[in-house]
Amino acid sequence: MAATDLEQIVSLCKRRGFVYQSAEIYGGFRSTYDYGPLGSLLLRNVKEAWIRSMVQQRDDVVLIDAAILSPPQVWQASGHLANFSDPLVDCTNCKNRFRLDKLDDPDTCPSCGEKNSFTEAREFNLMFKTQAGPVEGTGADAYLRPETAQGMFTNFAQVLQTSRKKPPFGIAQVGKSFRNEITPQNWIFRTREFEQMEMEFFVPPEDSDKWYEYWCNERLNWYIEHGIPAEMVMLRPHDDDELSHYSTGTSDVEFEFPWGFDELEGIAKRTDFDLKAHAAVSGERLDYFDPQTNERYVPYVIEPAAGATRTMAAFLLAAYDEDEINGETRTVLRLHPRLSPYKVAVLPLSKKDTLTPLAHEVRKLLADRYMVDYDETQNIGKRYRRQDEIGTPLAVTVDFDSLDDNAVTIRDRDTTEQVRVPIDELLTTVSERLGF
Ligand code: ATP
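For the structure given in this document, a descriptive report is provided here. Model, not experiment: these values are computed from the prediction.

**Side note on the layout of surface pockets**
Turning to step 1, where the next piece is worked out: What the second largest pocket holds in volume is close to 240 Å³.
Turning to step 2, where the next piece is worked out: What lines the second largest pocket is a set of 13 residues, and nearest its centre among them are N45, E48, R338, K343 and F436.
Turning to step 3, where the next piece is worked out: For the lining of the second largest pocket, a count of residues per class yields five nonpolar, two polar and six charged.

Here it is as structure tokens:
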């Protein structure tokens, strides 16, 4: 089972400290969210799982972390200044503003229902523009990046030289991007500030189609390997009229959100568009000399571009479940252990001084390797439920017998089964159960 209603996840996330409306004490700032104690861990784990698969487990991809503030030339070369816009219409009746390309019915306002009430479409550039410099009005124009990808192109020559890679190889980056979305919506699905996980894979031009197929499959499987049921994700090739200005072929990984299948990630064939454009505007040489063939060429690029915050929403929705334990309904997040905010909860059966020192010893033992929650409030049943609801795969209970037998009880989130384990075997057992 998965969440059928976005509200189930939104309210769980607020109640348990995953995601809050930003600046809520001031009435909230529309379309911005803060990630609380659990959400920040979950988001970090999503990004780490991506880096693990895309960089750590391969020998052909390196990671960078480029600046968010960037000069206009970058966006002139990339085409974003000219093309990165959405067609915007206003309803003359209710004054709401919409993206023309996202309207189900381009004649009827989805907000007030009025027919033929829209203004002519205007192109609206989505980039946030600001000034860099101390004196208002005299600073240099700067933009908050609307995607992380350009950092990989502008650093291409330096990375090539310093990493000693050669095509096929990739440059990956995870970080914040900003788009002045006309209609931010669906909680953290579409926001003006969000995080992306993108990789530019540089290949000899003749191998572009092969690598495109490869990355489409790799990326689809990544979601399934991290716990999304196979029937809830699919690859959808773009129609020609949907393609971005740089793309000759794109497929989206789509997830079945409560409102229908929608995009998690785009895998695009970007050809040599970006490197050539930056070479032309900067005057720098952005190509590769192959010493084996003595040929110089501009690599083609395959780009898997995913949203970290949007993906986090998908993982939460897919993990949501309700079942019945001893006649009571429980809510459980069946998150993949790599994604769970906490891997283990340490729960002393009582707050008494006699148990606390041993419980803390157990916590320290585990916390050296894993993110651990320690909770001694309320009865043990309630504490198990709380851990189930935040997706903690294992709970370790320290009880009065532990003082004599030096053993603890491990409880499994999914099956609720409990086993007794000697404390000196605890780390090995936990590691076997989690799979890492
Ligand atoms: P959309 O059509 O939904 O506006 P896009 O096709 O413009 O998205 P890309 O430019 O391909 O998106 O960005 C790559 C990924 O970054 C998207 O698949 C999505 O996961 C994420 N992303 C893009 N815009 C946003 C946003 N406003 N909020 C959250 N995530 C976003």
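Here the narrative resumes.
**Here we look at empty space enclosed by the protein**
Turning to step 1, where the next piece is worked out: This model, assessed by the stated rule, comprises one cavity of 30 Å³ or more.
Turning to step 2, where the next piece is worked out: Approximately 30 Å³ is the volume found for the largest cavity.
Turning to step 3, where the next piece is worked out: As for the largest cavity, its lining consists of H226, G227, I228, F315, A318, A319, R334, L335 and H336.
Turning to step 4, where the next piece is worked out: Class assignment for the residues of the lining of the largest cavity results in five nonpolar, three polar and one charged.

**Regarding the pattern of salt bridges**
Turning to step 1, where the next piece is worked out: This model, assessed by the stated rule, comprises 37 salt bridges.
Turning to step 2, where the next piece is worked out: Linking R99 and E181 is a salt bridge whose minimum nitrogen-to-oxygen distance equals 3.7 Å. Placement of the pair is R99 in strand β6 (residues 97–99) and E181 in the loop between β10 (169–178) and β11 (193–203), with a sequence separation of 82 residues.
Turning to step 3, where the next piece is worked out: On the basis of relative accessibility, which here comes to 10%, the residue R99 falls in the buried class.
Turning to step 4, where the next piece is worked out: For the salt bridge of D321 with R334, the shortest nitrogen-to-oxygen distance reads 2.7 Å.

**Section: helix α7 (residues 208–225)**
Turning to step 1, where the next piece is worked out: With 18 residues, α7 extends 25 Å from end C-alpha to end C-alpha; this agrees with the ideal 26 Å at 1.5 Å per step.
Turning to step 2, where the next piece is worked out: Those residues of α7 that fall on the buried side of the exposure criterion are S208, W211, Y212, W215, C216, R219, L220, W222 and Y223. What you see down the axis of α7 is that its buried residues fit within an arc of 160°, all on one side. In α7, the exposed positions angled more than 90 degrees off the buried face are occupied by K210 and E225.
Turning to step 3, where the next piece is worked out: Once α7 finishes, G227 follows within two positions and takes phi at roughly 105°, a positive value.

Rules used in this analysis
Residues numbered from 1 in each chain as written. Predicted model: local features only at pLDDT ≥ 70, side-chain atom pairs only at ≥ 80, totals over all residues. Heavy atoms only, no water. 1 Å grid on protein atoms, 1.4 Å probe; cavity = no way out; pocket = protein on both sides within 12 Å on 5 of 7 lines; lining within 4 Å. Points joined across faces, edges and corners; volume = space filled by probe spheres on them. Nonpolar A, V, L, I, M, F, W, Y, C, P; charged D, E, K, R; others polar. Salt bridge = Lys/Arg side-chain N within 4 Å of Asp/Glu carboxyl O. Helix = DSSP H or I, 4+ residues; strand = E, 2+ residues; numbered from the N terminus. Buried < 20%, exposed > 50% of the residue type's maximum accessible area, 1.4 Å probe, protein only. Expected span 1.5 Å × (residues − 1). Arc of directions from axis to C-beta.

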